[in-house]
Amino acid sequence: MGAVYFYHTQDIQFILGRMEQGQFPAHFLYGATQLPGHGIEVIYHQSRLGLPRWRTMLRTTFQVLASRRRFDAVYATHYQGLELLAFLRALRLFRKPLVVWHHQPVVVSRQWWRELLGRCFYRGFDKLVFFSQKLVDESLQTGKVRADQVVLGHWGADLSFYDGLTVKKSSKAVESPSCQRSMPFSFVSTGKELRDMPTLVAAFNRVASAPLDIYINRKNGEVSYEELFSRLELGPNVVLHYTDRLMPYELSLEVKQADCVVICCMESNYTVGLTTLVEALALGKPVICSRNPNFPIDVELMGCGISVPYGDVEGWVCAIEAMLSRPDKAREMGRRGRELAESIFNDVRCGGEMAAVLRQISKI
């Protein structure tokens, strides 16, 4: 049996512990838990969050090098923390292959010295896994990565986790006002990164018959959502819940109870909102989402939702009203989304694809 060293920017031990309790979906580990079924042992990185980036990089490099005799390749969900290792690999001072998921397109730097370092850096990766063909194409156009380096991955939800969710009553495991819903069709918004709350709230304020529950952190990075919401006027149909810790299980229970998932994001050059989307597909929920061209899924083309241009309040109003007026069509969208999750975007397929990539570039 071959072995890989698995690196993640999140707390792997916390995730594994919650998974043992049935309270964390495995797809947050990008198919790593599927690898033993393909004959690949997984050595998990010992996470320590909250360090400055340079300390994380040095600590990670030390841990990987100290374990190098135990594994055949490094498999990572992100390159942050692996920068020094990538340069060592580019210089052939580190002999083990590196396989890393890349969340944005590779870009050309305006500064010559950064571009030079970048070209050396990307030579250190044996395979770069991208979430969509658009990200692959844009990266290849830079000339910094080769066609034989790139892989189109199919990252998707842990279906067994979502199939095992049981909702008895309202799970409301987060801070929220006391409220009871009596309306027949409900909407839910989760996620915290680059969320366009002013557009979302403005749209739902105009559709008073559409109940919306928003679950979001008080602060995400440098963005204070608490300060943002202090300046927004919420209609009586919009209820805000603050979630200040990593709690996918609790939020999944809320999503399971809703009729439609809404994903309203700011414009970006990567797949903002994809985690929420794959969860909606797994739970068979229709979606209304910002039209992110970097997504691997066109929700309208696939018939599992409605997409709206960035910042388009009127477009959101129309999409909300469309869901309310045709709940039968909304349920059909959810069914198609689930079929898409079962056939393409799921953790089992992701793990199988990664196992094949790891075998291709190592002695596994």
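About the criteria used
Residues numbered from 1 in each chain as written. Predicted model: local features only at pLDDT ≥ 70, side-chain atom pairs only at ≥ 80, totals over all residues. Heavy atoms only, no water. Helix = DSSP H or I, 4+ residues; strand = E, 2+ residues; numbered from the N terminus. Buried < 20%, exposed > 50% of the residue type's maximum accessible area, 1.4 Å probe, protein only. Contact = heavy atoms within 4.5 Å. Phe/Tyr/Trp six-rings, centres within 6.5 Å; stacked < 30°, edge-to-face > 60°. Pairing = 2+ DSSP bridges. Axes fitted to C-alpha atoms, helices over the stretch in contact; angles between N-to-C directions. Core = buried A, V, L, I, M, F, W, Y, C linked by side-chain atoms within 4.5 Å. Salt bridge = Lys/Arg side-chain N within 4 Å of Asp/Glu carboxyl O. Arc of directions from axis to C-beta. Expected span 1.5 Å × (residues − 1). Polar contact = N/O pair within 3.5 Å; in protein donor to acceptor, adjacent residues only side chain to side chain.

Here we come to the overall build of the chain. In terms of regular secondary structure, the chain is built from 13 helices and 14 strands. With respect to the principal axes defined by its C-alpha atoms, the chain has extents near 65 × 45 × 35 Å. Expressed as a percentage of its 364 residues, the buried residues of the chain come to 54%. Put simply, of all contacts in the chain between residues at least 6 apart along the chain, 75% involve residues at least 24 apart.

Moving on: the packing of aromatic side chains. Considering all chains together, one arrives at 19 aromatic pairs under this definition. Ring geometry for Trp-101 against Phe-131: centres 4.8 Å apart, planes inclined by 45°, an arrangement best described as tilted. Linking Trp-101 in strand S4 (residues 98-102) with Phe-131 in the loop between strand S5 (127-130) and helix H5 (133-141), this pair joins segments that are 30 residues apart in sequence. An aromatic cluster is defined as three or more aromatic residues linked by ring pairs; in this entry it consists of Tyr-79, Phe-87, Phe-121, Tyr-122 and Phe-125.

Attention now moves to the side chain of Ser-290. Residue placement: Ser-290 occurs in strand S13 (residues 287-290). Aside from chain neighbours lying at most four places away, what touches Ser-290 is Ile-263, Cys-264, Cys-265, Val-308, Tyr-310 and Trp-316.

Moving on: the sheet that holds strand S11 (residues 238-242). Taken in spatial order, the six strands make up an open sheet running S11-S8-S7-S12-S13-S14, and their pairing is parallel. Where the open sheet ends on each side, the last strands, each with one partner, are S11 and strand S14 (305-308). Strand-to-strand, the axes of this sheet are offset by a mean angle of 20°, without reference to chain direction. Of the pairings in the sheet, the one linking strand S7 (residues 187-189) to strand S12 (residues 260-263) comprises two bridges and is parallel in character. Across the sheet, the residue bridging to Val-188 is Val-261, located in S12.

Moving on, we come to the sheet that holds S4. Spatially, the six strands line up as an open sheet ordered S2-S1-S3-S4-S5-S6, and their pairing is parallel. Each edge of the open sheet carries a strand with a single partner, namely strand S2 (40-44) and strand S6 (150-152). Neighbouring strand axes in the sheet, compared pairwise and without regard to direction, differ in orientation by 25° on average. With five bridges connecting them, strand S1 (residues 2-7) and S2 associate as parallel partners. Paired with Gly-2 across the two strands is Ile-40, which belongs to S2. H5 contacts S5 and S6 of the sheet and is inclined by roughly 165° relative to S6.

Among the nonpolar cores identified, the biggest contains 86 residues, and Leu-35, Tyr-75, Trp-101, Phe-125, Leu-277 and Leu-358 are the most heavily contacted of them. Sequence-distant contacts of Tyr-75, defined by excluding residues within four places in its chain, comprise Tyr-5, Phe-6, Tyr-7, Tyr-30, Leu-35, Val-99, Trp-101, Met-354 and Leu-358. The next biggest cluster of nonpolar side chains, apart from the first, holds 31 residues, and it includes Leu-200, Phe-204, Leu-212 and Ile-216.

Before going further, it helps to examine the pairing of S12. By the alternation rule, side chains of S12 split into Cys-260 and Val-262 and Val-261 and Ile-263, which are all buried. Here S12 runs beside S13; their pairing, made up of three bridges, is parallel. Following the sheet pairing, Ile-263 is matched in S13 by Cys-289.

All told, the structure shown has 17 salt bridges when counted by the stated rule. Between Arg-53 and Glu-83 there is a salt bridge, with its nearest N and O atoms 2.6 Å apart. Taken together, the residues span a long stretch of sequence, with Arg-53 in helix H2 (residues 53-66) and Glu-83 in helix H3 (residues 83-90) at a distance of 30 residues. The closest approach of N and O atoms between Asp-126 and Arg-89, which form a salt bridge, is 2.9 Å. Of the two residues, Asp-126 sits in the loop between helix H4 (112-122) and S5 while Arg-89 sits in helix H3, which places them 37 residues apart along the sequence. No difference in accessibility class separates Asp-126 from Arg-89, as the two residues are buried. What you see here is one network of salt bridges that share partners, running through Glu-332, Arg-335, Arg-336 and Glu-339.

On to H5. Helical geometry: 3.6 residues make up each α-helical turn, so side chains three or four residues apart lie on a common side. Looking only at H5, the buried set comprises Leu-135, Val-136 and Ser-139. Taken around the axis of H5, the buried residues stretch over an arc of 100°, which confines them to a single face. Each element contacted by the buried residues of H5 is listed here: S5 and S6. Looking at the residues trailing H5, positive phi occurs at Gly-143, about 80°.

With 15 residues, helix H13 (residues 347-361) extends 21 Å from end C-alpha to end C-alpha; this agrees with the ideal 21 Å at 1.5 Å per step. By the burial criterion, the buried members of H13 are Asp-347, Cys-350, Gly-351, Glu-353, Met-354, Ala-355, Val-357, Leu-358 and Ile-361. Among the structural elements, S1, S2, strand S3 (73-76), S4, S5 and S6 are those in contact with the buried residues of H13. For H13, the N-terminal cap is Asn-346; the gap from its side-chain oxygen to the backbone nitrogen of Val-348 is 3.2 Å.

Take Thr-271: it is sitting in the loop between S12 and helix H10 (274-282). Exposure remark for Thr-271: the relative accessible area of 9% places this residue in the buried category. Not counting residues within four places of it along the chain, the set of residues in contact with Thr-271 comprises His-103, Phe-131, Leu-135, Asn-292, Asn-294 and Phe-295.

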